[in-house]
Amino acid sequence: MSQYPVSDEVGAAMAGFVAGGAGPTHSALSRVFTRSGYGGVAPYDSSDSLRQPNKADRIRDTVSAAVRDPVRSRELIDGLLAEFRVGRIFTPLTNPDDERERRAQIRHVQNAFARIDWELTDAGELRPAGVGTITSVQGRPAIEDQLARLRRATDDPALLLGTAKEMLESTAKYVMEAYSVPYRANSTFDEIWHHARDRLSLLPAQ
């Protein structure tokens with residue numbers, strides 16, 4: 001799993017949201033870029049707009065800079081997605097043709113994130129790809145994201161239960177990997193959970 005949610009493909013795909021001048025204003029983009037530490041990459045001077053880069057190029061160039069220096073890239077991507085959500089980019093449209101086009105664009109961005117093991121929901125929220133597949137210590141950010149999701153989902157019991165089980169399984173695998181404890185790829189949840197607790201001396205008998 002990529003530790004950071006950026007790639008040149010992600011930048012190009014997200015730039016599609018502002019094609020033709022759509023989406024957040026230049027001012028809103030500048031605020032996101034500056035807050036996340038990438039404000040100097042693609043600045044915009046409103047007093048000379050004819051000679052300034054368009055919004056798509058600004059997003060593409062800034063995300064590309066984040067690929068090279070990714071420490072605050074999550075903050076950058078989350079800020080852009082927040083502006084897109086406020087701009088109702090992730091809100092379904094009533095016109096069928098417009099809605100098909102909107103969905104196609106979102107799938108394009110989702111696929112770009114998926115190729116670096118990040119998941120973009122239909123509502124425009126980003127998280128590391130499914131914690132149920134985590135098999136190494138590099139997967140810890142995914143577990144932490146899932147924990148945050150649990151804390152937000154207090155009004156959805158079914159989601160809480162399903163997510164909790166996924167997180168327990170992922171945490172058990174994390175423990176096994178961290179302590180170099182071998183296990184079979186087809187091990188059941190009960191087996192993995194038992195061995196992880198045994199390694200941490202958390203079994204009832206202990």
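Coordinates for the structure precede this section.
Here's what I pulled together on the structure shown here. Everything quoted here is computed from the prediction, not taken from an experiment.

### Some words on the overall build of the protein chain
Of regular secondary structure, the protein chain possesses 8 helices and 2 strands. Element order for the protein chain, N to C, with α for helix and β for strand: α-α-α-α-α-β-β-α-α-α. Its C-alpha atoms give the protein chain principal-axis dimensions of roughly 75 × 40 × 25 Å. Looking at the protein chain as a whole, 36% of its 206 residues are labelled buried. Look at the contacts in the protein chain between residues 6 or more apart in sequence, and 60% of them connect residues 24 or more apart.

### Examining the nonpolar core
Counting residues in each nonpolar core, the largest one holds 30 residues, and the members touching the most others are Met14, Ile59, Ile77, Leu80, Phe84 and Phe113. Sorting the residues of this core by element identifies α1 (8-15), α2 (26-35), α3 (55-68), α4 (73-86), α5 (96-114) and β1 (118-120) as the ones contributing at least two each. The element contributing the most residues to this core is α4, with 5 residues. With near-sequence residues (within four places) excluded, Leu80 lies in contact with Met14, Leu29, Val32, Phe33, Ile59 and Val63. The next biggest cluster of nonpolar side chains, apart from the first, holds 5 residues, and it includes Ala172, Val175, Met176 and Ile192.

### Digging into the pattern of salt bridges
Evaluated as defined, the whole model comprises 10 salt bridges. When the shortest N-O distance is used, the salt bridge between Arg60 and Asp57 registers 2.9 Å. Placement of the pair is Arg60 and Asp57 together in helix α3, with a separation of 3 residues, close to one helical turn. Of the charged contacts, one joins Lys173 and Glu169 as a salt bridge, the two residues approaching to 3.5 Å between their closest N and O atoms. Here Lys173 and its partner Glu169 are both found in helix α7 (residues 157-178), 4 residues apart, which amounts to about one turn of the helix.

### Overview of α3
Between the first and last C-alpha of α3 there are 20 Å, a value that for 14 residues agrees with the 20 Å anticipated at 1.5 Å per step. Every buried residue of α3 is listed here: Lys55, Ala56, Arg58, Ile59, Thr62, Val63, Ser64, Ala65 and Ala66. Buried residues in α3 make contact with α1, α2 and α4. Where α3 begins, the capping side chain belongs to Asn54, and its oxygen is found 3.2 Å from the backbone nitrogen of Ala56.

### Overview of the packing of aromatic side chains
All chains considered together, the criterion is met by 3 aromatic pairs. For the ring pair Phe17 and Phe84, a centre distance of 5.0 Å and an interplane angle of 65 degrees mean the geometry is edge-to-face. With a gap of 67 residues between them, Phe17 in the loop between α1 and α2 and Phe84 in helix α4 connect regions that are remote in the sequence. In this structure, Phe17 and Phe84 share a single accessibility class: buried. Plain terms: the ring middles of Phe189 and Trp193 are 6.2 Å apart, the flat faces sit at 10 degrees to each other, and that makes the pair stacked. Highlighted residues: Phe189 and Trp193, both in helix α8 (residues 189-199), separated by 4 residues, approximately one helical turn. Through pairs of rings, three or more aromatic residues link up here, namely Phe17, Phe84 and Phe90.

What counts, and at which threshold
- Residues numbered from 1 in each chain as written.
- Predicted model: local features only at pLDDT ≥ 70, side-chain atom pairs only at ≥ 80, totals over all residues.
- Heavy atoms only, no water.
- Helix = DSSP H or I, 4+ residues; strand = E, 2+ residues; numbered from the N terminus.
- Buried < 20%, exposed > 50% of the residue type's maximum accessible area, 1.4 Å probe, protein only.
- Contact = heavy atoms within 4.5 Å.
- Core = buried A, V, L, I, M, F, W, Y, C linked by side-chain atoms within 4.5 Å.
- Salt bridge = Lys/Arg side-chain N within 4 Å of Asp/Glu carboxyl O.
- Expected span 1.5 Å × (residues − 1).
- Polar contact = N/O pair within 3.5 Å; in protein donor to acceptor, adjacent residues only side chain to side chain.
- Phe/Tyr/Trp six-rings, centres within 6.5 Å; stacked < 30°, edge-to-face > 60°.

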